[in-house]
Amino acid sequence: VQLQASGGGLVQAGGSLRLSCAASGSIFSISDGNWYRQAPGNQRELVATITSGGSTNYADSVKGRFTISRDNANDTVYLQMNSLKPEDTAVYYCNSQRKSWLGPIIYWGQGTQVTVSS
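Everything in this summary refers to the structure shown in the same document. Keep in mind that this is a model prediction, so the values were computed, not measured. (Residues numbered from 1 in each chain as written. Predicted model: local features only at pLDDT ≥ 70, side-chain atom pairs only at ≥ 80, totals over all residues. Heavy atoms only, no water.)

## Topic: the overall build of the protein chain
Phase 1 of the analysis: Each helix and strand counted, the protein chain has zero helices and eleven strands in total.
Phase 2 of the analysis: Taken over C-alpha atoms, the radius of gyration comes to 14 Å for the protein chain, in line with the 13 Å a tight globule of 118 residues would show.
Phase 3 of the analysis: Taking the principal axes of its C-alpha atoms as reference, the protein chain extends roughly 45 × 30 × 25 Å.
Phase 4 of the analysis: The 118 residues of the protein chain split such that 40% are buried. (Helix = DSSP H or I, 4+ residues; strand = E, 2+ residues; numbered from the N terminus. Rg over C-alpha atoms; globule rule 2.2 N^0.38 Å. Buried < 20%, exposed > 50% of the residue type's maximum accessible area, 1.4 Å probe, protein only.)

Shown next, in the form of C-alpha cells:
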C-alpha cells in the first residue's frame, strides 16, 4: 500500500487549501485515516482523524476550521482547511492505521508542505 499526499502550497492567512491522500489499495474503508503535521523544531502532531466507521476527531487548534472526509470509491482521504493561520504552517502527513492480530498496521504518505503567510 502506498499513500500519496498532495494539495499543499502557499496561501495567505484566511485562505483555504484542500489536501488529498490517495491510497494505492482499498485501505481507508477498513482503516482509520489521519492527518498529522510537523512544523520546524516541533514534534509531529495529530490534526484530524476519520475512523473506518466515519467518526471524526480534531485537534483543538483546528476545530471549526478543518474538515476531514473520505471517499471510499477513490480510496482517498481529504483535509479541507479553511481560515488558515500562519501557525498552521507545517509539513502535513497522512497515514492509515488499523489493528490486526499481528499488531497495528500503519502506512505513511510522503508529506506535503503548507505555508500560510501573514
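After presenting the structure, the write-up continues.
## Notes on the packing of aromatic side chains
Phase 1 of the analysis: Across all of its chains, the model carries one aromatic pair by this definition.
Phase 2 of the analysis: Summarising the aromatic geometry, the rings of Tyr-36 and Trp-108 are spaced 5.0 Å apart at their centres and angled 55° between planes, so their arrangement reads as tilted. Taken as a pair, Tyr-36 in strand S4 (residues 32-38) and Trp-108 in strand S10 (residues 105-108) lie far apart in primary sequence, 72 residues in all.
Phase 3 of the analysis: Classification of Trp-108 by relative accessible area gives partly exposed; the value is 38%.
Phase 4 of the analysis: The ring of Trp-108 is capped by Arg-44, whose NZ or CZ atom sits 4.8 Å from the centre of that ring. (Phe/Tyr/Trp six-rings, centres within 6.5 Å; stacked < 30°, edge-to-face > 60°. Lys NZ or Arg CZ within 6 Å of the ring centre and 35° of its normal.)

## Some points on the pairing of strand S7 (residues 66-71)
Phase 1 of the analysis: In terms of strand pairing, S7 meets strand S8 (residues 76-81) through six bridges, oriented antiparallel. By the bridge assignment, Ile-68 is partnered in S8 with Leu-79.
Phase 2 of the analysis: The turn joining S7 and S8, which pair antiparallel and follow one another in sequence, is formed by four residues; a positive phi near 50° is taken by Asp-75. (Pairing = 2+ DSSP bridges.)

## Quick notes on the state of the cysteines
Phase 1 of the analysis: All told, the structure shown has one disulfide when counted by the stated rule.
Phase 2 of the analysis: The side chain of Cys-21 participates in a disulfide bridge whose partner is Cys-94; the two sulfur atoms lie 2.1 Å from each other. Residues Cys-21 and Cys-94 are joined through a disulfide that is right-handed, its torsion about the S-S bond being 70°. Here Cys-94 lies in strand S9 (residues 90-98) and Cys-21 lies in strand S3 (residues 17-23), a separation of 73 residues in the sequence. (Disulfide = S-S within 2.5 Å.)

## A short note on unusual backbone geometry
Glycine aside, residues mostly have negative phi angles, and peptide bonds mostly take the trans form.
Phase 1 of the analysis: We note that Asp-75 has phi near 50°; this positive angle belongs to a residue other than glycine.
Phase 2 of the analysis: Along the chain, the position of Asp-75 falls in the loop between S7 and S8.
Phase 3 of the analysis: Note on Asp-75: relative accessible area 7%, which makes it buried.
Phase 4 of the analysis: The backbone phi angle of Ser-83 is positive, close to 50°, even though this residue is not glycine.
Phase 5 of the analysis: Checked against the element boundaries, Ser-83 lands in the loop between S8 and S9.
Phase 6 of the analysis: In this structure Ser-83 comes out as partly exposed when scored by relative accessible area, which is 41%.

Any link to function would need more than the numbers given here.
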